[in-house]
Number of protein chains: 2
Amino acid sequence: MNFSNNVLPLFVSGEESAIAKLSDPTLIKLSIGNPPDEGFPIERIRAISERLLKDDPYSMLSYSTPGGRADLKAAVKTFLNRRFKTVNDDDVITITGGGQQAISLAAQLFCNDGDTILCESPTFMAALDTLRSMSAKLVGVNMEDDGIDLQDLEEKMQMEPKPKMLYIISDFQNPTGICLSEHKRKAICELAYKYDIPVLEDNPYYELRFEGEFIPFVKCFDTHGMVALTSSMSKIVAPGMRVGYVVAPGKMGEGFSLLKGSADLHGSTWAQRVCCELLNEGLEDELVSLRELYGHRGRLMYERLGRYCHPSVKFTKPQGGMFIWVTLPDGCDMPAFVDELMDNKVVVVSGDQFFAENGENSTSFRLSYSLANDEQIDRSCSIIGELTHKYCR
Amino acid sequence: MNFSNNVLPLFVSGEESAIAKLSDPTLIKLSIGNPPDEGFPIERIRAISERLLKDDPYSMLSYSTPGGRADLKAAVKTFLNRRFKTVNDDDVITITGGGQQAISLAAQLFCNDGDTILCESPTFMAALDTLRSMSAKLVGVNMEDDGIDLQDLEEKMQMEPKPKMLYIISDFQNPTGICLSEHKRKAICELAYKYDIPVLEDNPYYELRFEGEFIPFVKCFDTHGMVALTSSMSKIVAPGMRVGYVVAPGKMGEGFSLLKGSADLHGSTWAQRVCCELLNEGLEDELVSLRELYGHRGRLMYERLGRYCHPSVKFTKPQGGMFIWVTLPDGCDMPAFVDELMDNKVVVVSGDQFFAENGENSTSFRLSYSLANDEQIDRSCSIIGELTHKYCR
């Protein structure tokens, strides 16, 4: 029996993800980009669930419309449009199984086997696996301090055969924490029009901004129907909901919706109903608390890295989200560094896992501060810092 | 902007599915194969949800293991093995978004663009769309009264290029209601070994048997690791749960699990937890009630069709599930027949939608008795019967 080309890269990378499963409770897991349990609005979810399961149980348990419930789509539209006009009247919203499913559907929508997808280099490692599992060929585009390198992007857009899609994470990028500047958001739209390459903007951390001003989504600048936006309730309500969404113009949006319907019809009706109620009742208080929580942890980690690390170590300064990207000087032995950190009970993700190509040369690693308390942040940064002095000599 | 070959067939068939959305409350919708709301164990779901959201909320709302929670997988294994040994110790269970996602994942696991998949002719129309959306080429295999035609199957398995997968619905098939005989189940396994073609056995209606003896799944006869089985909680608990599963041997099972993880990580944690508790507490009383409900409706519809229809009309006798397949003599104008039924407020699904190829010649239609009460069954069968006398002259 033969398997498809889709699954072969997963058989390889599946073994590496074992790192996330380490169960030793004394480990400080800076490897996991999960939202902290204490951030979930448990009481509100419980109250909504009890009320609706009592008053309107069938609406919680029956099939919903393929592609998602209309009331949730309307609530998402209002939520996304409350700062900047993001969802246009001729856009189509599809409710997805977290943002991750939107990535998978985008590859299915735009690509046939072997087509090229452009992505940031580095980018979200699960996105790399997901796109590879749709048999896409991935080409990385360099990153700068304010997001993707436009010159490199334009060169890659001119490749033959033509890339079929650009995948970007616009705010507090995974893994770098970098925020895409407003002028680059506009420029990306112009390049998408010029080369006729659609863009999937992935923005799960948008609401978790704890410094600086909110910037409109890339999608807000799109006047030619070339940008789809995906985000989710995973980082602002609870990830086990598996409620995400993708907003896309016209025919593109219809395509997402049809593909979602044919992939698995729709997600849990209970979760759709609960998220809809939460959005309609308002989440602003919870978002303020989450920004405080992430802001505190992110600033503390940034400060401690500065305090403890060798001066030749570079690290990004987060304005939101949950990641800091740490880079050691060229030539540092990153696998040995990460192993030695693990020996000291600190788990990070080695940078090589985030690259579409040539990750083996990376001297970076990703830190997540979302699950660590003050003491753990201080202790782990101290261990990391000490080790950088050994490796940067 | 160009779309992939995956989505193009959906843009065409998406328009046809409008029939399911007809909102006129006076219509008798024999078109919809949904479980009836009165069959859901509402009280039990509510009690479990309230208890767990109170006692262990994070286990309901956090990420679960990619591919599904271990406790639910264990409960599914026990449930499936309680009549016949179905899940072996080296099988891997993946929790999917209903059975439909397992179909999508199977195509992704076994097929590259343009590969051939064999399926029953006719078969579940959403499966046709799902498989086409993975860019598969579908080839139909003839059906007989006791399931797939083995001679036609063997001939199609010898096609060049070699088919990469066989998709079958083994009990109370959608749309025909036909049950695959035990000797054919064994023969399908032998053919799968002989031609090295894996089988996806889809069996969502298995527990809804109201006549005859339960037959082991095709998977129970597989000694060479060539059969994957998918089923779900949609027809025995509630479809809005979107909890299904696929059980597959060894490496094949790992492939399903990895692809599920990369497609959308996992389904709603709440729904996984609730379904797990229901299975562990036991569902036998509910299953007895469901079999009575479906049995009553199925027998009544079968009897009324016999009473009212023209003698040249053939229809299947259901032993379980929710469908009867009605066939008029060759040459009957089925589109006109279905339209005229609709004028009389009876909605059925025209047979042409269930064929991978050449459906336009079908003189059949599918009836579902799952949502109709006695009065609606009698009245609709009377209308159908009267019309057959007009069309069969």
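Quick caveat: nothing in here was measured; it's all calculated off a predicted structure.

Remarks on the overall build of chain A
Consideration 1: The helix and strand inventory of chain A stands at 13 helices and 14 strands.
Consideration 2: Here the C-alpha atoms of chain A give a radius of gyration of 21 Å, agreeing with the 21 Å that 2.2 N^0.38 yields for 393 residues.
Consideration 3: Each of the three principal axes of chain A carries a C-alpha extent, and together these read 60 × 55 × 50 Å.
Consideration 4: Within chain A, counting contacts between residues at least 6 apart in sequence, those at least 24 apart form 76% of the total.

Comments concerning the interface of chain A and chain B
Consideration 1: Listed by partner, the interface residues are 62 residues for chain A and 62 residues for chain B.
Consideration 2: Residue assignment for the side of chain A that touches chain B shows that the elements contributing at least two residues are α1 (8–13), α2 (42–55), α3 (58–61), α5 (98–110), α6 (125–132), α9 (250–264) and α10 (269–281) of chain A.
Consideration 3: Partitioned by chemical class, the residues of the side of chain A that touches chain B number 28 nonpolar, 25 polar and 9 charged.

Some remarks on the nonpolar core
Consideration 1: If you look at the biggest cluster of nonpolar residues, it comprises 243 residues, and the most contacted ones within it are C275 of chain A together with C275 of chain B.
Consideration 2: When neighbours within four sequence positions are excluded, C275 of chain B is seen to be in contact with L72, M233, V237, M241 and V243 of chain B.

A look at the environment of P249 of chain A
All names here are of chain A.
Consideration 1: Relative to the helices and strands, P249 is located in strand β9 (residues 244–249).
Consideration 2: P249 sits 40 residues away from R209 along the chain, and the two C-alpha atoms are 26 Å apart.
Consideration 3: Ignoring sequence-local partners within four residues, the contact set of P249 consists of N88, D90, D91 and G225.

A word on the relation of the copies chain A and chain B
Consideration 1: Rotating chain A by 180° and moving it 0.0 Å along the rotation axis overlays it on chain B with an RMSD of 0.0 Å. Taken together, the rotation and translation describe the operation of a two-fold axis.
Consideration 2: Looking at the interface residues of chain A, 100% of them are also at the interface in chain B, so both copies use one shared face.

What about α2 of chain A?
Consideration 1: The first and last C-alpha atoms of α2 of chain A sit 20 Å apart over 14 residues, in line with the 20 Å expected at 1.5 Å per residue.
Consideration 2: Turning to α2 of chain A, its buried residues are I45, S49 and L53 of chain A. Projected down its long axis, α2 of chain A carries its buried residues within an arc of 50°, all on one side. Within α2 of chain A, the exposed residues directed more than 90 degrees away from the buried face are E43, R51, K54 and D55 of chain A.
Consideration 3: Contacts from the buried residues of α2 of chain A go to α3 and α10 of chain A together with α2 (42–55) and α3 (58–61) of chain B.

What to know about the domain arrangement of chain A
Residue and element names in this part refer to chain A.
Consideration 1: Splitting chain A by domain gives domain 1 (8–40 + 285–391) and domain 2 (42–281).
Consideration 2: Contacts between the two partners involve 29 residues from domain 1 and, on the opposite side, 34 residues from domain 2.
Consideration 3: Elements represented by at least two residues in the side of domain 1 that touches domain 2 include exactly α1, α11 (284–308) and β11 (323–327).
Consideration 4: Among the elements that take part in the side of domain 1 that touches domain 2, α11 stands out by supplying 6 residues, more than any other.
Consideration 5: The residue makeup of the side of domain 1 that touches domain 2, split by class, is 15 nonpolar, 11 polar and 3 charged.

Section: the sheet that holds strand β10 (residues 314–315) of chain A
All names here are of chain A.
Consideration 1: Across the sheet, 4 strands lie side by side as β10-β11-β14-β13; this open sheet has antiparallel pairing. Two strands close off the open sheet at either side, each with one partner strand: β10 and β13 (349–350).
Consideration 2: Across the face of the sheet, α11 comes into contact with β10, β11 and β14 (364–368) while running at roughly 15° to β11.

Examining the environment of S170 of chain A
Residues and elements named next belong to chain A.
Consideration 1: In this structure, S170 sits in the loop between β6 (165–169) and α8 (182–195).
Consideration 2: Separated by 77 residues in sequence, S170 and V247 have C-alpha atoms that sit 15 Å apart.
Consideration 3: Aside from chain neighbours lying at most four places away, what touches S170 is L180, R185, E201, N203, F217 and V218.

Some words on the packing of α2 of chain A against α2 of chain B
Consideration 1: Orientation of α2 of chain A relative to α2 of chain B, taken along the N-to-C sense of each, is 170°, at an axis distance of 10 Å. On the basis of their axis angle, the class for α2 of chain A and α2 of chain B is roughly antiparallel. Residue-level contacts link R46, S49, E50, L53 and K54 of chain A of α2 of chain A to R46, S49, E50, L53 and K54 of chain B of α2 of chain B.
Consideration 2: Residues belonging to the contact of α2 of chain A with α2 of chain B are distributed by class as follows: 2 nonpolar, 2 polar and 6 charged.

Description of the pairing of strand β3 (residues 116–121) of chain A
Residue and element names in this part refer to chain A.
Consideration 1: Within β3, 5 of the 6 residues are buried, which leaves the element mostly enclosed by the surrounding structure.
Consideration 2: The pairing of β3 with β6 spans 3 bridges and is parallel. Directly across from C119, in β6, lies its bridge partner Y167.

Some words on the pairing of strand β2 (residues 91–96) of chain A
All names here are of chain A.
Consideration 1: For β2, a buried count of 6 out of 6 residues is recorded, marking the element as mostly surrounded by other parts of the structure.
Consideration 2: Neither face of β2 is exposed, since D91, I93 and I95 on one face and V92, T94 and T96 on the opposite face are all buried.
Consideration 3: Bridge count for β2 against β9 is 6 bridges, and the pairing is antiparallel. Counted as the bridge partner of T96 is G244 from β9.

So, unusual backbone geometry
Consideration 1: For the peptide bond that leads from E160 of chain A to P161 of chain A, omega is -10°, which places it in the cis range.
Consideration 2: Here N174 of chain A and P175 of chain A are connected by a cis peptide whose omega angle stands at 15°.
Consideration 3: For P175 of chain A, the position within the fold is in the loop between β6 and α8.
Consideration 4: Although it is not a glycine, F172 of chain A sits at a positive phi angle of roughly 55°.
Consideration 5: As for its position among the elements, F172 of chain A is in the loop between β6 and α8.
Consideration 6: One non-glycine residue, S135 of chain B, lies in positive phi territory at about 65°.
Consideration 7: Relative to the elements of secondary structure, S135 of chain B occurs in the loop between α6 (125–132) and β4 (137–144).

Some details on the confidence of the model for chain A
Any residue range with low pLDDT should be treated as having predicted coordinates unsuitable for detailed reading.
Consideration 1: Taken over all residues, the pLDDT of chain A has a mean of 95, while the share at 70 or more is 97%.
Consideration 2: Quick note on the complex model: pTM equals 0.96, ipTM equals 0.96.

Things to note about α6 of chain A
Consideration 1: Of all 8 residues in α6 of chain A, 8 are buried; the element is thus mostly enclosed.
Consideration 2: Taken residue by residue, α6 of chain A has M125, A126, A127, L128, D129, T130, L131 and R132 of chain A as its buried positions.

Overview of the packing of α2 of chain A against α10 of chain A
All names here are of chain A.
Consideration 1: Across the interface, α2 lies against α10 with an axial gap of 10 Å and an inter-helix angle of 120°. Overall, the two elements α2 and α10 adopt an arrangement that is oblique. Crossing handedness for the pair α2 and α10: right-handed. Contacts between α2 and α10 pair R44, I45, I48, S49 and L52 from the former with R273, V274, E277 and L278 from the latter.
Consideration 2: Tallied by class, the residues present in the contact of α2 with α10 amount to 5 nonpolar, 1 polar and 3 charged.

Let's talk about the sheet that holds strand β14 (residues 364–368) of chain B
Consideration 1: Taken together, 4 strands build an open sheet; the order of strands is β10-β11-β14-β13 (chain B) and the sheet is antiparallel. The open sheet has two free edges, formed respectively by β10 (314–315) and β13 (349–350) of chain B, since each of these has just one partner strand.

Re the environment of V12 of chain B
All names here are of chain B.
Consideration 1: The topology assignment puts V12 in helix α1 (residues 8–13).
Consideration 2: For V12, a count of 10 C-beta atoms within 10 Å translates into the label exposed.
Consideration 3: When the C-alpha positions of V12 and S262 are compared, they lie 28 Å apart, and in sequence the two are 250 residues distant.

About the thresholds
- Residues numbered from 1 in each chain as written.
- Chains lettered and ligands numbered in written order.
- Predicted model: local features only at pLDDT ≥ 70, side-chain atom pairs only at ≥ 80, totals over all residues.
- Helix = DSSP H or I, 4+ residues; strand = E, 2+ residues; numbered from the N terminus.
- Rg over C-alpha atoms; globule rule 2.2 N^0.38 Å.
- Contact = placed C-beta atoms within 7 Å.
- Nonpolar A, V, L, I, M, F, W, Y, C, P; charged D, E, K, R; others polar.
- Core = buried A, V, L, I, M, F, W, Y, C linked by C-beta atoms within 7 Å.
- Buried ≥ 20, exposed ≤ 12 C-beta atoms within 10 Å, placed from the backbone.
- Least-squares fit on C-alpha atoms with pLDDT ≥ 70 in both.
- Expected span 1.5 Å × (residues − 1).
- Arc of directions from axis to C-beta.
- Domains from an automatic or database assignment.
- Pairing = 2+ DSSP bridges.
- Axes fitted to C-alpha atoms, helices over the stretch in contact; angles between N-to-C directions.
- Parallel < 35°, antiparallel > 145°, perpendicular 65-115°, else oblique.
- pLDDT = per-residue confidence, 0-100.
- Left-handed = near helix turned anticlockwise from the far one by under 90°.

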